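A structural walkthrough
What follows is the residue order along each chain.
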There are 2 protein chains.
Amino acid sequence: MADATRDIENLIELMAKLPGLGPRSARRAVLHMIKKRGLLMTPLADAMHIVAATARECLNCGNIGTSDVCDICTSEKRATGELCVVEDVADLWAMERGASFAGRYHVLGGTLSALDSMGPDELRIPKLVDRVKTEGITEVILALNATVDGQTTAHYIAEQLEGLGVSVTSLAQGVPIGGELDYLDDGTITAALRARKSF
Amino acid sequence: MADATRDIENLIELMAKLPGLGPRSARRAVLHMIKKRGLLMTPLADAMHIVAATARECLNCGNIGTSDVCDICTSEKRATGELCVVEDVADLWAMERGASFAGRYHVLGGTLSALDSMGPDELRIPKLVDRVKTEGITEVILALNATVDGQTTAHYIAEQLEGLGVSVTSLAQGVPIGGELDYLDDGTITAALRARKSF
């Protein structure tokens, strides 16, 4: 087996480092790629090299793009005065797929967490305060996950923004579209009941 | 967003073609890679290029290696007269991890299936018959999956090998090591009971 297996084992080990793939599924993925090496493996490797060479974090908002400042931050159309704060680039992409937000974003890169020693500085919160002061922001929308850490972070950010003259809002909590009450947790039902609106 | 997003979207689409990854987990994997582009993405792309350039199927047994005939087929030590028939290279690897089989393999590349129009020729069964005749094989071990298609294929192969003077065996069926009866299906329990042995 010698070299062949060493190269393949090396590839499997690297693939297993991706989130969502364990050793077993990495092996399955590698075998699949080897079978389709011309159609899938080589194009995939090429695509990775291109993205690895060009992708970088926006110095302003933390989004991923190819320039130092991303296209959303440079687009004049997105200067609506609304700034949406998200935990991660994946959340920014999720908001963009919704295509209902026209403003700009600020990616924290995580949540406050004593356990993971994530403080305000690791989270680009000072940069957020800067941007609110200098970019003519009128509303900061906290689109953080509805987890304990997410909500703790939201409260901390709201405190930091006090006195800066911006309104701070957060996403509504309630029954998801298509959701069935029977399958919802109690917390969501309670939140939806508290925030009920006239029909 | 323009080019950056197009390259990244392209990479996500390619990743989503891997077994076990959907569009959502592919996106998560790509974001993870972008964050670790130096440590993970570039080495991964390099490893893929190496494997894509060197890996090929063994002309004799169907295993994956770097030469036309794989190391197991060329190793004199593995010429024990035992030939283990498996559906897929993944199964061969699983057998090798067990490290209890010292003979050679024959990879079918699937199972007989009228639905997928997989006939004996697609499955390298003629090649198997050839090898049994010419490689001094004394025992053919059918290590096919315990599925309907796997067992159909096993029966077909056993028929083809009749009269060639080799013994044809199959893996034992029973309770897996560490298995709990309560979680086993009825078929396994029935098979294990039928094949019971004295304690």
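Residues numbered from 1 in each chain as written. Chains lettered and ligands numbered in written order. Predicted model: local features only at pLDDT ≥ 70, side-chain atom pairs only at ≥ 80, totals over all residues. Heavy atoms only, no water.

What to know about the UniProt feature "domain: Toprim" (unreviewed entry) in chain A
The following threshold applies: UniProt positions are given in the numbering used here, feature names are shortened, and annotations may be inferred rather than shown by experiment. Secondary structure elements follow DSSP: runs of H or I of four or more residues count as helices, runs of E of two or more count as strands, with numbering from the N terminus.
Those places that UniProt annotates as "domain: Toprim" (unreviewed entry) correspond, in this numbering, to residues 81-176 of chain A. Secondary structure content for residues 81-176 of chain A is 35% helix and 18% strand, while the C-alpha to C-alpha distance between its ends is 28 Å.

Re the pairing of strand β4 (residues 104-107) of chain B
Residues and elements named next belong to chain B. Definition in use: Only protein chains enter the accessibility calculation, which uses a 1.4 Å probe; a residue is then buried when its area is under 20% of its type maximum, exposed when over 50%, and partly exposed in between. At least two bridges found by DSSP between two strands are what make those strands a pair. Handedness of a crossover is defined as follows: with both strands directed away from the viewer, a clockwise route from the first strand across the helix to the second makes it right-handed.
Every second residue of β4 is oriented toward a common face, with Arg104 and His106 on one face and Tyr105 and Val107 on the other, all of them buried. Across 4 bridges, the pairing between strand β3 (residues 82-86) and β4 is parallel. Each bridged residue has a counterpart across the sheet, and for Val85 the counterpart in β4 is His106. For the handedness criterion, the β-α-β arrangement of β3, helix α5 (residues 89-98) and β4 is classed as right-handed.

A short note on the nonpolar core
Inclusion rule: Only buried Ala, Val, Leu, Ile, Met, Phe, Trp, Tyr and Cys residues count toward a nonpolar core, and they belong to the same one when joined by side-chain atoms within 4.5 Å. Residues are treated as being in contact if the distance between any of their heavy atoms lies within 4.5 Å.
The biggest cluster of nonpolar side chains holds 76 residues, and the ones touching the most others in it are A:Met15 and B:Met15. Dropping the residues within four chain positions of it, B:Met15 is found in contact with A:Leu18, A:Leu44, A:Met48, B:Leu21, B:Ala26, B:Ala29, B:Val30 and B:Met33.

Some points on helix α8 (residues 186-194) of chain A
Residue and element names in this part refer to chain A. Here is the rule: Our arc is simply the arc of the directions from the helix axis toward the C-beta atoms.
Taken together, the buried positions of α8 are Thr188, Ala191 and Ala192. Burial along α8 is one-sided: seen end-on, the buried residues are contained in an arc of 100°. Those residues of α8 that are exposed and angled more than 90 degrees off the buried face are Asp186, Leu193 and Arg194.

Let's talk about the UniProt feature "zinc finger region: C4-type" (unreviewed entry) in chain A
UniProt tags residues 58-73 of chain A as "zinc finger region: C4-type" (unreviewed entry). As annotated, residues 58-73 of chain A comprises 19% helix and 12% strand, and the C-alpha atoms at either end are separated by 8 Å.

Describing the relation of the copies chain A and chain B
Each of the two chain copies can be brought onto the other by rotation about an axis and movement along it. So the rule is basically this: Only residues with pLDDT of at least 70 in both copies contribute their C-alpha atoms to the least-squares superposition of the copies.
With an RMSD of 0.1 Å, the fit of chain A onto chain B corresponds to turning through 180° and sliding 0.1 Å along the axis. The superposition operator between the copies reduces to a two-fold rotation axis. In terms of proximity to the rotation axis, the leading residue of chain A is A:Ala45, whose C-alpha is 2.2 Å off the axis. Here 100% of the interface residues in chain A have copies in chain B that are interface residues too; the copies meet face to matching face.

What about the pattern of salt bridges?
This is how it is decided: Think of a salt bridge as a Lys or Arg side-chain nitrogen and an Asp or Glu carboxyl oxygen that are within 4 Å of each other.
Applying the stated criterion across every chain yields a total of 10 salt bridges over all chains. We note a salt bridge from A:Lys35 to B:Asp88, for which the minimum N-O separation is 3.0 Å. Placement of the pair is A:Lys35 in helix α2 (residues 23-35) and B:Asp88 in the loop between β3 and α5, with the two residues belonging to separate chains. Residue classification places A:Lys35 among the partly exposed positions, given a relative accessible area of 48%. Here B:Arg56 and B:Asp68 are joined by a salt bridge, their closest N and O atoms 3.5 Å apart. Within this pair, whereas B:Arg56 is found in strand β1 (residues 56-57), its partner B:Asp68 is found in the loop between β2 (64-65) and α4 (71-74), the two being separated by 12 residues in sequence. Among the residues examined, B:Arg56 registers a relative accessible area of 34% and is labelled partly exposed.

Examining unusual backbone geometry
Backbone geometry follows two general trends: most residues other than glycine have a negative phi, and most peptide bonds adopt the trans configuration. Residue and element names in this part refer to chain B. With phi around 55°, Ala99 is a residue other than glycine that occupies positive phi space. Relative to the helices and strands, Ala99 resides in the loop between α5 and β4. Unusually for a residue other than glycine, Arg124 sits at a positive phi of about 60°. Relative to the helices and strands, Arg124 is located in the loop between β4 and α6 (125-134).

Details of the packing of aromatic side chains
Cut-off, in case you're wondering: Pairing of aromatic rings covers Phe, Tyr and the six-membered ring of Trp, with a centre-to-centre limit of 6.5 Å; geometry is then stacked below 30 degrees between planes, edge-to-face above 60, and tilted otherwise.
Within this structure, the stated rule accounts for 2 aromatic pairs over all chains. Ring geometry for A:Phe101 versus A:Tyr105: centroids 5.2 Å apart, planes at 65°, classification edge-to-face.

Some words on the environment of A:Cys70
Note that A:Cys70 resides in the loop between β2 (64-65) and α4 (71-74). Setting aside residues no more than four positions away along its own chain, A:Cys70 makes contact with A:Cys58, A:Cys61 and A:Asn63.

A look at the interface of chain A and chain B
Definition in use: The term buried area refers to how much accessible surface (probe radius 1.4 Å) is lost by two components on association, counted for both of them together. Under this definition, polar contacts are N or O atom pairs within 3.5 Å; protein pairs additionally need one hydrogen-donor-capable and one acceptor-capable atom, and for neighbouring residues in sequence, both atoms have to be side-chain atoms. Here the term charged refers only to Asp, Glu, Lys and Arg, the term nonpolar to Ala, Val, Leu, Ile, Met, Phe, Trp, Tyr, Cys and Pro, and the term polar to all other amino acids, Gly among them.
Every contact between the two is made by 52 residues of chain A and, on the other side, 52 residues of chain B. The contact between chain A and chain B buries some 4800 Å² in all, and 75% of this surface belongs to carbon and sulfur atoms. On inspection of chain A and its partner chain B, the count reaches 2 salt bridges. For the interface between chain A and chain B, the tally reads 6 residue pairs in polar contact (both at pLDDT 80 or more). If you list the elements that add at least two residues to the side of chain A that touches chain B, you get α1 (2-15), α2, α3 (37-54), β1 (56-57), β2, α4 and α5 (89-98) of chain A. For the side of chain A that touches chain B, the residue count by class is 31 nonpolar, 9 polar and 12 charged.

With respect to the sheet that holds strand β3 (residues 82-86) of chain A
Residue and element names in this part refer to chain A. In plain terms, the rule: Here an angle of 0 to 180 degrees is reported between the N-to-C directions of two axes, which are lines fitted to C-alpha atoms, with helices fitted over the stretch in contact.
In space, the 4 strands of this open sheet follow the order β4-β3-β5-β6, with parallel pairing throughout. Only two strands of the sheet have a single partner each, and these edge strands are β4 (104-107) and β6 (167-170). Direction aside, the axes of adjacent strands within the sheet are offset by 25° on average. On top of the sheet, helix α6 (residues 125-134) reaches β3, β4 and β5 (139-142); it is set at about 155° to β4, its chief contact. On the sheet, helix α7 (residues 148-161) packs against β3, β5 and β6 and is oriented at approximately 170° with respect to β5.

Describing the domain arrangement of chain A
How we decide: Each domain's extent is set by a domain assignment, obtained either automatically or from a database.
Partitioning chain A into structural domains gives domain 1 (5-54) and domain 2 (58-170). Centre-to-centre, using C-alpha coordinates, domain 1 of chain A lies 33 Å away from domain 2 of chain A.

A short note on the side chain of A:Asn60
All names here are of chain A. Among the secondary structure elements, Asn60 is positioned in the loop between β1 and β2. Here Asn60 falls in the buried class, since its relative accessible area comes to 15%. Dropping the residues within four chain positions of it, Asn60 is found in contact with Val69, Cys73, His106, Arg124, Lys127, Arg131 and Glu135.

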